[in-house]
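Chain by chain, the residues:
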Amino acid sequence: MSRRHFTVLLTLTVAIAVIAPATSEARSSSIKRGKWKATVTYQKKSGSGIYTMYKRLRVTIKRGRSTIVRRRPPTVAFRDHLVSAGRPKWKVANLDADASPEFILAWMNGCAHSCTRANAFGVGAPRSSTVPIHLPDGFFVEDVDGNGVAELVAGDSRFSYQFASYASSGYPILINSLAGGSVVDVTRNFPARIEADAAELLERWNNGAKWSDGGGVALAYAADLCRLGRRAEAMVFLDDAENSTSVPLVDNLDYGYDPEYAEQAEAFLVSVGYC
Ligand SMILES: [Ca+2]
Ligand SMILES: [Ca+2]
């Protein structure tokens, strides 16, 4: 190489180094299970600290050297599905009948509350290779009935802000199964867990919610009762709650006693399939 060519090349290299974005902003996170390895790569979009946003999520799942899945997280019912507030995190479990692990990627999509979105990347049947699931802040992977197939356990995010502030919202237990390749609500198969959840909500009610901003806790308790086949008891409870606790009023600026609380709470529980 001539001196002139070397100078041009050096100049170009320096120019590219200046123009090119810093590669330090590319990130990745991996998890291993046996011969399987799942990786998500992503790039910093904006912000800092716990407010950092990430973009361009890409997932690769390998078994040994073979790539089984390589794709973006699936498009689901929210626009910013490729944006994550905070780093995306992996969980791994066996979610269906075959012995291969499933990898679950969870990320926040930037909304204020109750907006963790998780995606299960199954590595069994091709049809179920990606299954979008919608769960609130924090969910657990747990084999609830000990049959070797894990379920996803959380509170039902649809109850957020219902008849209560966010902090005072009540969330009935929700148990999802992905055993068949799609998301199925199997909560009713676990009445003992619903009973335990109802007992916690009733304790919360008696320890304060019954006097103020308790519309969400009463709603969640009634939801559990309905799932236990105790709808009449749930309706009596909501009628009593209407007279004892305050809820956000229609204008959302003040709290008070809403004479239509019980009726509206029942309508909500019917609309989400509890009662
Ligand atoms: Ca499996
Ligand atoms: Ca199970």
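Everything that follows concerns the structure shown earlier in this document.
The sections below set out a description of the structure shown in this document.

Procedures and definitions
All residue numbers refer to position in the chain's written sequence, counted from 1. Lettering for chains starts from A, numbering for ligands starts from 1, and both go in the order in which the items are written. Per-residue local features of the predicted model are confined to residues with pLDDT of at least 70, and side-chain atom pairs are confined, for both listing and counting, to 80 or more; whole-chain, interface and lining totals are unaffected and use all residues. Side-chain descriptors were evaluated using all non-hydrogen atoms of the structure, hydrogens and water having been removed beforehand. Axis geometry follows a simple rule: fit a line to the C-alpha atoms, using only the stretch in contact for helices, then measure angles between N-to-C directions, giving values from 0 to 180 degrees. Comment: elements are numbered from the N terminus, with helices defined as DSSP H or I runs of at least four residues and strands as E runs of at least two. Roughly parallel refers to an angle under 35 degrees, roughly antiparallel to one over 145, roughly perpendicular to one between 65 and 115, and oblique to any angle outside these ranges. The handedness criterion is simple: a crossing whose near helix is rotated anticlockwise from the far helix by less than a right angle is left-handed, and one whose near helix is rotated clockwise is right-handed. Throughout, a contact is declared for two residues whenever any of their heavy atoms are within 4.5 Å. Gly is placed with the polar residues, together with every amino acid not listed as nonpolar (Ala, Val, Leu, Ile, Met, Phe, Trp, Tyr, Cys and Pro) or charged (Asp, Glu, Lys and Arg). Here a donor is an N, O or S atom found within 2.8 Å of the metal, or within 3.2 Å if the metal is Na, K or Ca; sites may look incomplete because water is not among the atoms. Only two sets of limits are used to name each site, 85 to 135 degrees for every angle of a tetrahedral four-donor site, and over 155 degrees for opposite donors with all other angles from 65 to 115 for a square planar four-donor or octahedral six-donor site, with any other site named irregular. Geometry of aromatic contacts follows a simple scheme: Phe, Tyr and Trp rings, the Trp one being its six-membered ring, pair when their centres are within 6.5 Å, and the pair is stacked under 30 degrees between planes, edge-to-face over 60, tilted otherwise. When a residue's accessible area, from a 1.4 Å probe over protein chains only, is under 20% of the maximum for its type it is buried; when over 50% it is exposed; and in between it is partly exposed. In our convention, an over-ring charge means Lys NZ or Arg CZ found within 6 Å of a ring centre and within 35 degrees of that ring's normal. A pair of strands is labelled paired if DSSP reports no fewer than 2 bridges between them.

## Describing the packing of helix α4 (residues 231–244) against helix α5 (residues 261–271)
Two numbers describe a pair of packed helices, the interaxial angle and the distance between the axes.
Step number 1: It is the contact of α4 with α5, at a shortest axis distance of 8 Å, that shows an interaxial angle of 140 degrees. Comparing the axis directions of α4 and α5 gives the class oblique. Where α4 crosses over α5, the two elements pack in a sense that is right-handed. Along the contact surface, α4 presents R231, M235, L238, D239, A241 and E242, while α5 presents Y261, A262, E263, A265, E266, L269 and V270.
Step number 2: Looking at side-chain class alone, the contact of α4 with α5 contains 8 nonpolar, no polar and 5 charged residues.

## Notes on the coordination of the calcium ion (ligand 2)
Step number 1: At 2.2 to 2.7 Å from the calcium ion (ligand 2) lie its protein donor atoms, namely D143 (OD), D145 (OD), N147 (OD1), V149 (O), E151 (OE) and E151 (OE).
Step number 2: Taken together, the 6 donor atoms surrounding the calcium ion (ligand 2) define angles of 52 to 177 degrees at the centre, an arrangement classified as irregular.
Step number 3: We note that the donor set of the calcium ion (ligand 2) lies within a single chain, spaced as D-x1-D-x1-N-x1-V-x1-E.

## Digging into the packing of aromatic side chains
Step number 1: Applying the stated criterion across every chain, the model contains 8 aromatic pairs.
Step number 2: Between F159 and Y274 the ring centres are 5.2 Å apart and the planes differ by 75 degrees, which places this aromatic pair in the edge-to-face class. Here Y274 lies in the segment after α5 and F159 lies in the loop between β11 (151–155) and β12 (173–177), a separation of 115 residues in the sequence. The burial state of F159 is the same as that of Y274; both residues are buried.
Step number 3: Feature note: the residues F159, F268 and Y274 constitute an aromatic cluster, connected by ring pairs.
Step number 4: A cation over an aromatic ring shows up here: R227 above the ring of Y274, its NZ or CZ 3.9 Å from the ring centre.

## Some points on the packing of helix α3 (residues 215–227) against α5
Step number 1: One way to put it is that α3 packs onto α5 with a least axis distance of 10 Å and a crossing angle of 50 degrees. Between α3 and α5, the angle is such that the two are oblique. Between α3 and α5 lies a crossing whose hand is right-handed. Counted together, G215, A218, L219, A222 and A223 of α3 and Y261, A265, F268 and L269 of α5 form the full contact between these two elements.
Step number 2: Grouping the amino acids of the contact of α3 with α5 by side-chain chemistry returns 8 nonpolar, 1 polar and no charged.

## Observations regarding the pairing of strand β3 (residues 53–63)
Step number 1: As paired strands, strand β2 (residues 36–46) and β3 are joined by 9 bridges and run antiparallel to one another. Its bridge partner being in β3, Q43 is matched across the sheet by K55.
Step number 2: Two elements, β3 and strand β4 (residues 66–71), share 5 bridges in a ladder whose sense is antiparallel. If you follow R63 over to β4, its bridge partner there is S66.
Step number 3: Between the end of β3 and the start of β4, which pair antiparallel, lie 2 residues, with G64 showing a positive phi angle near 60 degrees.

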